Amino acid sequence: MRHPPRPIALLAGAAVMAASTALAVVGTASGAAAAPVCTVEYSVTNQWTGGFQGAVTVTNNSTALNGWSLGFSFPDGQRVSQGWGGTWSQSGAAVTVTAESWNARLDAGAKVTTGFIASWTGTNTAPTAFTLGGVPCAADGPTTPPTTPPTTPPTTPPTTPPTTPPTSPPPAPVSGAPELSVTGNAFTDQNGAVRRLLGVNRSGGEFMCVQGHGIWDGPVDDASVEAIAGWKANTVRIPLNEECWLGLDNIKPEYRGANYVGAVEDLVTKVLAHGMTPVLELHWSHGQYTGNSSGCADVHASCQKPMPNARYTPAFWTSVADTFKHDKRVVFDLFNEPYPDRATATATQAWTCWRDGGTCPGIGYEVAGMQDLVDAVRATGAKNLVLVPGLAYSNDLSQWLTYRPTDPAANLAAAWHVYNFNTCSTETCWNDTLAPVAAQVPLLAGEIGENTCGHAFIDRVMKWFDDRGLSYLGWTWNTWNCDSGPALISSYDGTPTAFGIGLRDHLRALTP
């Protein structure tokens, strides 16, 4: 869903990374003046067993550079698998990062931040020596950040009950948020009980950070999450921004990298504590697209793009999956609303682009397809439920079964969105295109809504989905004017709008 207009204040890449785990290295080239040639801040922004996400911020304290090259060596055999903010390469222990065309200019006093994902075993000691343009920097100050950060994500999954539930009577559902699996065309929990995902979206994490206003739009304290549970919701979908998660330096330091990841982890913990399922979803992503139905001309993640990008999105899902792979209660929704069909000439081209990525007609950046993203998640060892949306802003599932990605974990479901102004907004279309998909795989309507400030349309959607035991989430738990977009509430205490009251009363009727 697109959002009400908000003032945009993007930063252009001169930002200081200030994290508690940061290592500052200040040096002067041999024979140079007293002023240091460069300042390097190295930080581990996120770490898990066998892997970690890091960031390196370089300040040029010398004359302006038109093209730069950063060098350092890992002391403990760490290996970089993905990088951004520069072109990364590694030979043995030696790592080199060279400028991209868009950040090659590094003026005196300017900073540039690069990020990466790497593997580690044993210990994860930080590098102690860096070079800028081949000029060494001498270490001055602490040289080793903490080497034993937590290896377990902050959420604690429930213990696993017996895996062979009784067949009669039907198994009782587990208490609290379930570890979800796909069984035929149903979501099931650890006991084998069939589960439905019913709830809301909590927008903000996709746009506030890139616009420079914060991380969330409105409160995300325990009381505000409890208010969602008070509607008898059991699921909260949380839209995210890949540049903020990865810590790109066009984002303000306080809203990126470790700060952003920590805020997401904290919200996930609160949602789980109230017995609800958190669905983490990539909403806004990198890549410049100015073609049909373009949301913006910006290369940065400041609007909905037609498809994920190969440059950053696989790294985003690698990091997210590594962060939450130890807790199968967390669900991954790969991409908000693909619309390659607006750029391509044929449906075959659009669906092929959707699945396979690469060079897609009408899209000027290299695309990461849905198969690429499934592979990125599963390569981490994560077995979490993965949701895969369709075309036409997730409103078209007509060829989803034909082109669906292969999942080695067999834990894949379809995601669909519908608003009263979409093409597929009638029961006839749902019978023709949704019912065949729902007959084979679980189906979640990740966004349902209307722009009428009423709820007559979503009443029809909910009835159709209830009749078939399917899942749906209302857009959105934000206090926006429902005239400018479907807003469920007028206050974060859960007071509904004229639109939201339809969803609230319906959820409460389903679960008295």
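Note that the structure is predicted; figures quoted are calculated from it, not measured. (Residues numbered from 1 in each chain as written. Predicted model: local features only at pLDDT ≥ 70, side-chain atom pairs only at ≥ 80, totals over all residues. Heavy atoms only, no water.)

Caption draft 1: Inspection of the nonpolar core at higher detail. Counting residues in hydrophobic clusters, the biggest one holds 110 residues, and the most contacted among them are Phe332, Trp416, Trp430 and Phe465. The element that contributes the greatest number of residues to this core is helix H3 (residues 257-273), accounting for eight residues. For Trp430, the contacting residues outside a window of four places in its chain are Trp416, Val418, Cys424, Ser425, Ala435, Phe457, Arg460, Val461 and Trp464. Grouped together as the second largest cluster of nonpolar side chains are 25 residues, Val56, Leu70, Phe74 and Cys137 included. (Core = buried A, V, L, I, M, F, W, Y, C linked by side-chain atoms within 4.5 Å. Buried < 20%, exposed > 50% of the residue type's maximum accessible area, 1.4 Å probe, protein only. Helix = DSSP H or I, 4+ residues; strand = E, 2+ residues; numbered from the N terminus. Contact = heavy atoms within 4.5 Å.)

Caption draft 2: Examining helix H6 (residues 370-379) more closely. Counting buried positions along H6 yields seven of ten residues, so the element is predominantly enclosed. Those residues of H6 that sit buried are Met370, Gln371, Leu373, Val374, Ala376, Val377 and Arg378. Buried residues in H6 make contact with helix H4 (313-324), strand S19 (331-333), helix H5 (347-356), strand S20 (386-389) and strand S21 (412-419).

Caption draft 3: Highlighting the state of the cysteines. The tally for this structure, following the rule as stated, stands at four disulfides. With a sulfur-sulfur separation of 2.0 Å, Cys209 is cross-linked through a disulfide to Cys244. Negative torsions about the S-S bond denote left-handed disulfides, and the value of about 95 degrees found for Cys209 with Cys244 makes this one right-handed. Taken together, the residues span a long stretch of sequence, with Cys209 in the loop between strand S16 (198-201) and helix H1 (222-229) and Cys244 in helix H2 (residues 242-246) at a distance of 35 residues. Look at Cys244 and you get buried, because its relative accessible area is 0%. The disulfide bridge from Cys424 ends at Cys429, spanning 2.0 Å between sulfur atoms. Where Cys424 bonds to Cys429 through sulfur, the torsion about that S-S bond is close to -115 degrees, and the disulfide is left-handed. (Disulfide = S-S within 2.5 Å.)

Caption draft 4: Spotlight on the sheet that holds strand S22 (residues 443-449). The eight strands lie next to each other as S16-S17-S18-S19-S20-S21-S22-S23, forming a closed barrel whose pairing is parallel. Neighbouring strand axes in the sheet, compared pairwise and without regard to direction, differ in orientation by 30 degrees on average. Direction of pairing for S21 relative to S22: parallel, over a ladder of six bridges. The residue of S22 that forms the bridge with Ala415 is Leu444. (Pairing = 2+ DSSP bridges. Axes fitted to C-alpha atoms, helices over the stretch in contact; angles between N-to-C directions.)

Caption draft 5: Focus on the packing of H4 against H6. Where H4 contacts H6, the two axes come as close as 8 Å, and the packing angle between them is 30 degrees. Like other packed secondary-structure pairs, H4 and H6 cross with a definite hand, here right-handed. Packed against H4, whose contacting residues are Thr313, Pro314, Trp317, Thr318 and Ala321, the element H6 presents Leu373, Ala376 and Val377 at the interface. Within the contact of H4 with H6, the residues separate by chemical class into six nonpolar, two polar and no charged. (Left-handed = near helix turned anticlockwise from the far one by under 90°. Nonpolar A, V, L, I, M, F, W, Y, C, P; charged D, E, K, R; others polar.)

Caption draft 6: The confidence of the model for the protein chain, seen in detail. With 87% of its residues at a pLDDT of 70 or more, the protein chain shows a mean pLDDT of 88. Averaged pLDDT values for the elements of the protein chain fall to 43 in strand S1 (residues 23-27) and rise to 99 in S19. Across residues 140-167, where pLDDT falls below 50, the model places 43 contacts with residues more than four positions away in sequence or in other chains. (pLDDT = per-residue confidence, 0-100.)

Caption draft 7: View of the side chain of Asn124. Mapped onto the secondary structure, Asn124 falls in the loop between strand S10 (111-119) and strand S11 (130-132). Taking relative accessible area as the criterion, Asn124 reaches 3% and is therefore assigned buried. Among the polar contacts listed, one links the side chain of Asn124 to the side chain of Gln47, at a separation of 2.7 Å. Only 2.9 Å separates the side chain of Asn124 from the side chain of Gln78, close enough to count as a polar contact. (Polar contact = N/O pair within 3.5 Å; in protein donor to acceptor, adjacent residues only side chain to side chain.)

Caption draft 8: Inspection of the pairing of strand S7 (residues 87-91) at higher detail. Going residue by residue along S7, you find Trp88 and Gln90 tucked away on one face and Thr87, Ser89 and Ser91 left uncovered on the opposite face. As judged from the five bridges shared by S7 and strand S8 (residues 94-98), these two strands associate in the antiparallel manner. Residue pairing in the sheet places Thr87 in a bridge with Thr98 of S8. Here S7 folds back onto S8, and the loop between the two strands holds two residues, one of which, Gly92, carries a positive phi near 65 degrees.

Caption draft 9: Quick look at the sheet that holds strand S12 (residues 135-137). One open sheet accounts for five strands, arranged S7-S8-S5-S11-S12; its pairing is antiparallel. Each of the sheet's edge strands pairs with one partner strand only, and the pair in question is S7 and S12. Each strand of the sheet is rotated relative to its neighbour by a mean of 20 degrees, with strand direction disregarded. Examined bridge by bridge, strand S5 (residues 69-73) and S8 share five bridges and lie antiparallel to one another. Of the residues in S8, the one forming a bridge with Phe72 is Val95.

Caption draft 10: Representation of the pairing of S10 in the model. Counted residue by residue, S10 has seven buried out of nine residues, so it is predominantly covered. Note: strand S3 (residues 51-60) against S10, nine bridges, orientation antiparallel. Bridging from a neighbouring strand, Thr57 pairs with Thr113 of S10. The pairing of strand S6 (residues 79-84) with S10 spans five bridges and is classified as antiparallel. Residue Arg79 lies in a different strand from S10, and its bridge partner there is Ser119.

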